[in-house]
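The residues making up each chain are set out below.
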Amino acid sequence: MPFSVWWQAYLTPPASAVKFAIKATLAMGLALYIALWCDLDRPYWALISAAFLQIRPMSGMVLEKGISQITGTVVGCLAGIAIMSLFVQSPTPALVCLTAWIILCAYAASVTRNNASFGCIMAAVTAMLIVVITASAPTGLFAVAVARLSELALGAICATLVSALLWPIQVRDHLAGLADQVVNQAFLHGALRLDNSADIAALQATLTASLQPLTQLETDSQAARYEGPEGIGRLRASHVLTVRTARLLAILHALQQLLRSHGGELPSSTKRLIEDMASDLRRSAEGSGVAQARQRLQALRHRALQCMAADLDEGIAPDLDQAPDLASDQAPDQAAGQTTARCGRSASGPITSDPEPTRTTESPEALLQRRIHLGLREALGHALVILDAREAIHTPGKRRLKAPALAFHRDHLEAALNGLRAGLVFALLAIVWRYTAWDNGQIAMLVGTLFSAFFATRDNPAAVATTFLKGMLAAVPSALLFGHVLLAQANDFVTLALVFMPPLFLGLLGAANPRLMGYCLAFTIGNILLTMPGNGMDFSVDGFLGRAIALLLGLSTVVMAFRLAPGLPTTIRKHRLVSATVGDLHGLHRRSLHEAESRFGGTMADRLLRLAQHDDSLPEERRYLFSLGLVGLDLGYASLNLRRRLGGRSDALDLALDDLAAALADDYGASARGHAPDRAREYGNRLLQTLEQQTNDSAEHRLMAGLIERLTMSLERQAARSRQARQAAPAVGVAGRQRTPDRQGAKAPGVDR
C-alpha cells in the first residue's frame with residue numbers, strides 16, 4: 001500500500017471522511033452510553049452493531065441494514081433457542097446442529113444480495129452466541145437471547161438516528177451519481193462501437209465502467225424505498241435503466257460486428273447516420289445537457305425510421321451515395337421532414353432526379369442495410385429511455401416509469417461451497433473450544449463464523465481476510481494502551497469516552513477511504529473486541545492476551561480456509577456462467593414477456609461483469625468471454641423481440657418460435673466451445689416458411705430474415721473467436737504469462753467485443 005494513501009487519509013482527509021468518522025463515533029458512543037446505563041451484559045455488541053451499520057452511511061441504507069440485522073438476529077435467536085431446547089444436556093449434538101445452521105445461513109448469504117445477505121450472517125452469529133454462551137448455563141437461555149437482541153437492536157437504532165439527524169446522506173444522491181456514471185460510460189462505449197474502434201482496452205474499460213455502477217445501482221436502489229414515496233419511483237427507474245442499458249450494449253455489440261464485416265458495403269447516407277449517432281452519443285456522455293441530448297437522439301431516430309421506411313417501401317431501396325448531409329442537431333421535426341430525401345424517398349414515391357440504379361430488397365446488400373437501420377433505431381430508442389430513466393432517478397416526480405423487479409445471477413454450487421467452508425471453520429474452532437475448555441474460544445468462534453461468511457461473497461476473499469488480519473494485529477498494541485493502561489484510570493463515562501473513542505475515530509477516518517477500509521475497519525473492530533467495554537471490565541494482562549490470541553486464531557483460521565479452499569476454479573466458474581446463460585435462453589419462452597425480460601436483463605448484467613473480470617485476468621489472445629456474454633445477451637433479447645412481434649398468432653408459429661429459441665440456445669453453448677452453429681439457420685428457415693404461409697407481409701418477412709441471418713453470423717463469429725482463444729491456451733504458462741516462442745505465431749482476435 002503506497003504511503004501516500006495513508007498520508008492523504010489522515011493528514012489531508014476530505015470533509016466527507018471526517019463527517020463519516022464523527023457520525024460513526026457518535027453513534028457508537030451513544031450506543032455504549034445507553035448500554036452501560038441499562039447495564040446490558042455485553043455493551044460492546046451494541047458498538048459493533050453501530051459500526052457495521054455505518055459502513056455505508058446513507059440514511060435509507062442504514063435503515064434497511066438495521067431492519068435486516070434485527071430480523072436476522074430474531075431468526076438467529078429462535079434457531080439458537082430451538083437447538084438448545086433439543087440438546088440442552090448434549091453439547092456435542094448441539095454443536096453439530098449449530099454447524100448445520102451456520103452452513104445454511106452462509107449458503108443463504110451467498111445467494112442473496114446486500115443487506116439481506118448481512119441479515120443471514122447475523123442469523124448465524126446470533127445462534128452461535130446463544131448456543132455457545134448457554135452451553136455451560138442452559139438456565140439462562142432466554143435471558144441471553146433477549147440480551148443479544150437488545151444489544152444489537154440498540155446499536156441499529158443509534159446508528160439510524162445519528163445517520164438521519166447529523167449530516168444526512170440520502171440514497172437518492174448516491175443513486176443519481178451511479179446513474180450518471182452508467183449512462184455516460186454506456187454512451188461512450190456506444191460511440192466506440194459505432195466508430196468501429198480497434199482499441200480493445202478502451203472498449204473494455206468503458207464497458208466495465210458502465211457495468212460496475214450498474215450492478216451496484218440495481219442492488220443499492222432497494223434502499224430507496226425507505227426514503228419517502230419518491231423512493232419507489234427511483235427503484236423502478238433503476239430497474240428500467242438496468243434493462244435498457246443491457247439491451248443497448250447487446251445491440252451495439254451486434255452493430256459493430258456487422259460494421260466490421262460489411263461496413264464497406266453500406267451507402268454513404270447510412271455511414272453518415274452512424275457517424276452522427278456516434279458523435280451525438282459522445283457529446284451526450286460529456287455532459288451537454290439532458291434536454292439537448294434527448295433532442296439530438298430523437299432527431300437521429302427520426303432519420304433511422306425514415307431510412308427504414310425507404311428500405312421497405314414497395315420492396316425497393318435506392319442507393320443514394322450522393323445524398324446531401326443533414327446536421328445531427330436539427331430539431332426533430334426538421335430532421336423528420338428532410339430525412340426522406342436523404343434516404344431516397346419522398347411522400348409520393350421515389351425521387352425521380354436520382355440517376356442511380358435501384359436494387360431489389362432481396363439482395364444481401366439491402367438486407368444488411370435494413371438490419372443496420374433497424375439496429376440503429378432500436379439502439380436510439382433504448383438510449384432515449386435510458387435518458388428518461390436517469391431523469392426519473394434524479395427527479396422521480398417528473399417521469400414515472402414502471403418495471404418489474406430484476407433477478408440476479410445465483411450460483412448455488414458456489415454458495416454451497418461457501419456454506420461448507422464457513423461450517424468447517426466453525427467446526428475446527430468449536431473442537432478447540434470444546435476439548436480445551438478455553439473461555440476465550442468463544443471469541444475465536446465468533447470471529448471465524450462472522451468473517452468466513454462475510455468475506456465469501458467478496459472478490460478475492462483470501463486477500464480481504466489477510467488485510468483484516470493485518471488490521472487486527474495493529475489493534476493489539478492500540479487496545480493494550482488505550483483499552484487497558486489508560487482506560488483503567490477512568491471512573492466515569494466522560495473519561496471512558498475520551499480514552500476509548502479516539503482509536504475508534506482514527507480507524508473510522510481511514511475506513512472512509514475504500515483502499516484502506518479493510519485495514520481500518522478491522523482495527524476498529526479489533527479495539528472493541530479486545531477492550532470489551534462494560535460495567536465490569538477485566539483489566540488483567542492475561543485476560544487481554546487471551547482475547548488477543550483468540551481473535552488472531554479465529555481470523556487466521558479464516559485466512560487459512562480461504563487459501564486452502566478458495567472455491568470453484570476459474571475454469572469451472574466460467575463454464576457455469578455460460579451454462580446458466582444457456583439455461584436462461586432455453587427458459588425464455590416459459591415465462592411471460594415482462595418476467596422473462598426482467599429476469600434475463602438482471603442476470604445477464606451480473607454475468608457480463610463477471611465474465612469481463614475473468615477476461616481481464618487472461619492474455620489478450622485468449623480473451624473471448626466478454627464477447628461471449630454480449631452474444632448471449634443479444635440472442636436473448638432477439639428471441640424476446642421475435643416472440644413479442646410474432647407470438648400468439650398461431651400455434652404453428654409459436655412452436656416455430658420455441659424451436660428457434662432452443663436452437664439459438666444450443667448453438668450458443670456450442671459456440672462457447674468453438675463449434676460452428678448447426679441448428680439456428682435450419683430452424684430460422686422453418687420459422688420463415690411458417691411465417692410466409694400465414695402472412696402476406698413481405699416487409700416483415702424480410703426483416704425477420706435479416707435478423708435471423710445476423711444472429712447466425714454472430715454465432716459463427718463467436719465460434720471462431722472461441723476456437724482461436726482455446727487454441728492459444730497451450731501458449732500460456734502456469735502463472736498466466738505468455739511464452740515468447742509461441743506468441744510470435746499467435747494471431748490477435750478481431751475486435752468483436
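The preceding data block contains the structure.
What counts, and where the lines are drawn
Residues numbered from 1 in each chain as written. Predicted model: local features only at pLDDT ≥ 70, side-chain atom pairs only at ≥ 80, totals over all residues. Heavy atoms only, no water. Helix = DSSP H or I, 4+ residues; strand = E, 2+ residues; numbered from the N terminus. Buried < 20%, exposed > 50% of the residue type's maximum accessible area, 1.4 Å probe, protein only. Contact = heavy atoms within 4.5 Å. Areas by Shrake-Rupley, 256 points an atom, 1.4 Å probe, with all protein chains shown as cover. Core = buried A, V, L, I, M, F, W, Y, C linked by side-chain atoms within 4.5 Å. Salt bridge = Lys/Arg side-chain N within 4 Å of Asp/Glu carboxyl O. Expected span 1.5 Å × (residues − 1). Axes fitted to C-alpha atoms, helices over the stretch in contact; angles between N-to-C directions. Parallel < 35°, antiparallel > 145°, perpendicular 65-115°, else oblique. Left-handed = near helix turned anticlockwise from the far one by under 90°. Phe/Tyr/Trp six-rings, centres within 6.5 Å; stacked < 30°, edge-to-face > 60°. Lys NZ or Arg CZ within 6 Å of the ring centre and 35° of its normal. Nonpolar A, V, L, I, M, F, W, Y, C, P; charged D, E, K, R; others polar. Patch = residues over 30% accessible without salt bridge, like charges linked within 9 Å, V, L, I, M, F, W, Y side chains within 5 Å. Disulfide = S-S within 2.5 Å.

K.L.:
Can you lay out the overall build of the chain for me, pointing to particular residues and giving the numbers?
P.N.:
Secondary structure assignment for the chain yields 27 helices and 2 strands. Residue burial in the chain is summarised as follows: out of 753 residues, 56% are buried. Once local pairs closer than 6 in sequence are excluded, the contacts in the chain between residues at least 24 apart make up 80%. Summed over its atoms, the accessible surface of the chain is roughly 30500 Å², and 58% of this surface lies on carbon and sulfur atoms.

K.L.:
An account of the nonpolar core is requested, with residue identities and associated values reported.
P.N.:
Ranked by size, the top nonpolar core spans 106 residues in total, and within it Leu98, Met128, Phe451, Phe455, Phe500 and Leu555 carry the most contacts. No other element matches the 14 residues that helix H6 (residues 114-134) contributes to this core. Aside from chain neighbours lying at most four places away, what touches leucine 98 is Ile83, Ala127, Met128, Val131 and Phe426. Counting 105 residues, the second largest nonpolar core, distinct from the first, contains Leu194, Leu585, Leu635 and Leu707.

K.L.:
Go over the pattern of salt bridges with me, naming the residues and quoting the values.
P.N.:
The full count for this structure, using the stated rule, is 14 salt bridges. We note a salt bridge from aspartate 180 to arginine 390, for which the minimum N-O separation is 3.8 Å. One end of the pair, aspartate 180, is in helix H8 (residues 171-194); the other, arginine 390, is in helix H14 (residues 364-394), and 210 residues separate them in sequence. Here aspartate 180 falls in the partly exposed class, since its relative accessible area comes to 24%. The exposure class assigned to arginine 390 is buried, which follows from its relative accessible area of 9%. In this structure, aspartate 195 engages arginine 282 in a salt bridge whose closest nitrogen and oxygen atoms are separated by 2.8 Å. A residue pair is termed long-range when its members are at least 10 positions apart, and aspartate 195 in the loop between H8 and helix H9 (200-220) and arginine 282 in helix H11 (residues 268-285) qualify at 87 residues. Classification of aspartate 195 as partly exposed rests on a relative accessible area of 40%. Exposure remark for arginine 282: the relative accessible area of 26% places this residue in the partly exposed category. Put simply, Asp280, Arg283 and Arg296 are held in one network by salt bridges that share partners.

K.L.:
Give me the lowdown on helix H21 (residues 570-587), citing residues and values where you can.
P.N.:
Quick reminder: α-helices carry 3.6 residues per turn. Residues three or four places apart thus point the same way. If you check H21, its first and last C-alpha atoms are 26 Å apart, about what 18 residues at 1.5 Å a residue would give, namely 26 Å. Looking only at H21, the buried set comprises Lys574, Leu577, Val578, Thr581, Val582, Asp584, Leu585 and Gly587.

K.L.:
Tell me about the packing of helix H2 (residues 15-37) against helix H7 (residues 141-165), and name the residues and values.
P.N.:
Viewed as axis vectors pointing N to C, H2 and H7 meet at an angle of 140°, and their least axial separation amounts to 9 Å. The orientation of H2 with respect to H7, classified from their angle, is oblique. Read as a crossing pair, H2 and H7 show a hand that is right-handed. Counting all contacts with H2, which are made through Lys23, Leu26, Ala27, Leu30, Ala31, Ile34 and Ala35, the residues of H7 involved are Leu154, Gly155, Cys158, Ala159, Val162 and Ser163.

K.L.:
Give me the lowdown on the packing of aromatic side chains, citing residues and values where you can.
P.N.:
In total, this model carries 10 aromatic pairs according to the counting rule given. In textbook terms, an aromatic cluster arises when at least three aromatic residues are bridged by ring pairs, as seen for Phe52, Phe118, Phe451, Phe454, Phe455 and Phe468. Residue placement shows lysine 65 over the ring face of phenylalanine 118; its charged tip is 4.8 Å from the ring centre. Above the plane of the ring of phenylalanine 454 lies arginine 458, whose end atom (NZ or CZ) is 4.4 Å from the centre.

K.L.:
Break down the packing of H21 against helix H24 (residues 651-672) for me, with residues and values.
P.N.:
Two elements in contact, H21 and H24, have axes whose closest approach is 8 Å; the angle formed by their N-to-C orientations is 170°. The angle between H21 and H24 places the two elements in the roughly antiparallel class. Side by side, H21 and H24 meet where Val578, Thr581, Val582, Leu585 and His586 of the first sit next to Ala661, Ala662, Ala665, Asp666, Tyr668, Gly669 and Ala672 of the second. Its residues placed into classes, the contact of H21 with H24 shows 8 nonpolar, 3 polar and 1 charged.

K.L.:
Lay out helix H16 (residues 441-454) with the relevant residues and their values.
P.N.:
The terminal C-alpha atoms of H16 lie 20 Å apart, and with 14 residues this matches the ideal 20 Å at 1.5 Å per residue to within 8%. Among the 14 residues in H16, 13 count as buried, and that is most of the element.

K.L.:
How would you sum up a nonpolar patch on the surface? Please name residues and give values.
P.N.:
Judged by side-chain polarity, Leu424, Leu428, Met560 and Leu564 come together as a nonpolar surface patch covering roughly 410 Å² of accessible area. Residue leucine 428 is classed as partly exposed on the basis of its relative accessible area of 39%.

K.L.:
Before we move on, could you go through the state of the cysteines and cite the residues and values that matter?
P.N.:
Within this structure, the stated rule accounts for 0 disulfides. Here cysteine 120 stays unpaired: no disulfide links it, and the sulfur of cysteine 105, its closest cysteine neighbor, is 6.6 Å away. Relative accessible area serves as the criterion here: at 18%, cysteine 120 is assigned to the buried category.

K.L.:
Go over unusual backbone geometry with me, naming the residues and quoting the values.
P.N.:
Despite not being glycine, aspartate 39 shows a phi value in the positive range, around 55°. By the element assignment, aspartate 39 lies in the loop between H2 and helix H3 (44-53). If you check the backbone angles, methionine 532 has positive phi at about 50° while not being a glycine. Here methionine 532 shows up in the loop between helix H19 (517-531) and helix H20 (541-564).

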